[in-house]
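Architecture and fold: a report
Letter by letter, the chains look like this.
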Amino acid sequence: MKLSTRDAIGYFGKPDASKTGILIYGSDAMRVALKRQQLLEALLGPGADEEMRLSRLSGGDLRKEPALLLDAAKAVGFFPGPRAVFVEEANENAAAAIIAALEDWQPGDAQIVVTAGALKPTSKLRKAFEAHSNAYAVGIYDNPPTRAEIEAALADAGLALPSGDVMAALNDLAQTIDPGDFRQTLEKLSLYKWQDTEPVSLQDIAACAPTSTEADVDDILMVVAEARAHDIGPMMQKLAAQGSNPVSLCIGAMRHFRALHRAACDTSGRPTIFGPNRDRMLAQSRNWGAVKLETALTVLTDTDLKLRSAGQHAPAMALVERAFIRLAMLANH
């Protein structure tokens, strides 16, 4: 059965121990690994490795010895509790062994947890899980984390749910860094707030957030926000040659301009902005002002919608470059 992205958020936290198994696939190995880790911890509870309730195999193992998976699923352990067999980096070469284990699985066998890279809809492995009545297939995509995913990550780190600007800052940070770094930041924040009963503040996040992000992306955002329109074309050509993702650039720009807008609207006199470009961004915020920044965010939102539209045929990088030039021109008026 297919498991939608929205339903998967809840399922990874509370998996069904009676299921035959689950396939977690996606092009971003870190995102897939984090979801797999969350699911296995929730499914098996503490001590699974020490109690030998978790068996680990690789896709390469199954290609050489197809019977390994079924043998591991059927094996009865010495310790009570749920069991699982984890197959890492599976591909079409391991599909036959995995499909055979799904077909022979019986209640009481260890649950089969499989991770894989990007799989086409025609993939035998993906089709087997999607067609199975007691197993799930879920794709993990490179979209920014949703609010629900951020809330779940906060809960895992033992942090209370913040509100207002603090949650907005965490959302911006989650869209800026990769999932592994974001999880580590929350763990660091949890230790930072140990025995501190005060709610998480913007200053706490600034103290724990990574000091830098992808340099080239930061460079183009600085150019746009400082209205250097003549530098945008050459830098966009460089980013395109490096294989930068247009949607990621647009998301990064939205994060940057939201941070500027939040600083422009700050009434405390202590606007919080993260990273090594803090002083430059504070100057940008003052130069733009809240009204122009709101217009900039509208331009970026419209561009993001165009990039994700199924009917969009214009080159994606050109759309982003045009939006960046428009913003740089807006700053000068």
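Details of the structure are given in the entry above.
What counts, and at which threshold
Residues numbered from 1 in each chain as written. Predicted model: local features only at pLDDT ≥ 70, side-chain atom pairs only at ≥ 80, totals over all residues. Heavy atoms only, no water. Axes fitted to C-alpha atoms, helices over the stretch in contact; angles between N-to-C directions. Helix = DSSP H or I, 4+ residues; strand = E, 2+ residues; numbered from the N terminus. Parallel < 35°, antiparallel > 145°, perpendicular 65-115°, else oblique. Left-handed = near helix turned anticlockwise from the far one by under 90°. Contact = heavy atoms within 4.5 Å. Nonpolar A, V, L, I, M, F, W, Y, C, P; charged D, E, K, R; others polar. Salt bridge = Lys/Arg side-chain N within 4 Å of Asp/Glu carboxyl O. Buried < 20%, exposed > 50% of the residue type's maximum accessible area, 1.4 Å probe, protein only. Pairing = 2+ DSSP bridges. Phe/Tyr/Trp six-rings, centres within 6.5 Å; stacked < 30°, edge-to-face > 60°. Expected span 1.5 Å × (residues − 1).

1. Thoughts on the packing of helix α5 (residues 95-104) against helix α6 (residues 124-131)
For any two helices packed against each other, the geometry is given by the interaxial angle and the distance between the axes. Packing of α5 against α6 leaves a shortest axis separation of 9 Å and a crossing angle of 15°. Compared by their axis directions, α5 and α6 come out roughly parallel. Note that α5 runs across α6; the crossing there is left-handed. From α5, Ala-95, Ile-98, Ile-99 and Leu-102 reach across to α6, where they touch Lys-124, Leu-125, Ala-128 and Phe-129. For the contact of α5 with α6, a count of residues per class yields 7 nonpolar, no polar and 1 charged.

2. Digging into the pattern of salt bridges
Per the counting criterion, the structure on display carries 12 salt bridges. Asp-49 is paired through a salt bridge with Arg-56; the nearest N and O atoms lie 3.2 Å apart. Judged by relative accessible area, Arg-56 falls into the partly exposed class, the value being 48%. Between Glu-130 and Arg-126 there is a salt bridge; the shortest N-O distance is 2.8 Å. Of this pair, Glu-130 and Arg-126 are both found in helix α6, 4 residues apart, which corresponds to roughly one turn of the helix. Judged by relative accessible area, Arg-126 falls into the buried class, the value being 11%. Members of the salt-bridge network, linked through shared partners, are Glu-226, Arg-228, Asp-231 and Arg-280.

3. A closer look at the sheet that holds strand β5 (residues 135-139)
One open sheet holds the 5 strands; their spatial order is β2-β3-β4-β1-β5, and the pairing between them is parallel. Strands with a single pairing partner mark the edges of an open sheet, and in this sheet they are β2 (54-58) and β5. Shown here is a sheet whose adjacent strand axes are inclined to one another by a mean of 15°, direction ignored. Note that strand β1 (residues 21-25) and β5 share 5 bridges and pair parallel. Directly across from Ile-24, in β5, lies its bridge partner Val-138. Strands in contact with helix α4 (residues 67-74) are β2, β3 (84-90) and β4 (111-116); relative to β3, the strand with the most contacts, it is inclined by about 155°. The sheet contacts of α6 involve β1, β3, β4 and β5, and relative to β1 the element is tilted by about 135°.

4. As for the environment of Met-329
Note on placement: Met-329 falls in helix α15 (residues 316-331). With a relative accessible area of 43%, Met-329 lands in the partly exposed category. With 70 residues separating them in the primary sequence, Met-329 and Ala-259 have C-alpha atoms 20 Å apart.

5. A short note on the packing of aromatic side chains
Evaluation of the coordinates by the stated rule reveals 2 aromatic pairs. Both rings, one in Tyr-11 and one in Tyr-136, keep their centres 4.9 Å apart while their planes meet at 70°; by these two values the pair is edge-to-face. Taken as a pair, Tyr-11 in helix α1 (residues 5-13) and Tyr-136 in strand β5 lie far apart in primary sequence, 125 residues in all. Residue Tyr-11 shares its accessibility class with Tyr-136, and that shared class is buried. Aromatic side chains Phe-257 and Trp-288 sit 5.1 Å apart centroid to centroid with 80° between the ring planes, which places their arrangement in the edge-to-face category. With Phe-257 in helix α13 (residues 246-264) and Trp-288 in helix α14 (residues 278-308), the pair connects residues that are 31 residues apart, well separated along the chain. No difference in accessibility class separates Phe-257 from Trp-288, as the two residues are buried.

6. Let's talk about helix α2 (residues 29-44)
Given a rise of 1.5 Å per residue, 16 residues ought to cover 22 Å, and the 22 Å separating the end C-alpha atoms of α2 matches this to within 8%. Three or more residues of α2 are buried, namely Arg-31, Val-32, Leu-34, Lys-35, Arg-36, Gln-38, Leu-39, Leu-40, Leu-43 and Leu-44. Backbone geometry just after α2 places Gly-45 at a positive phi near 75°.

7. Observations concerning the environment of Phe-78
Structurally, the position occupied by Phe-78 is in the loop between α4 and β3. Classification of Phe-78 by relative accessible area gives exposed; the value is 77%. Along the chain, Phe-78 and Met-52 lie 26 residues apart, while their C-alpha atoms are 8.0 Å from each other.

Structural measurements only, silent on function.
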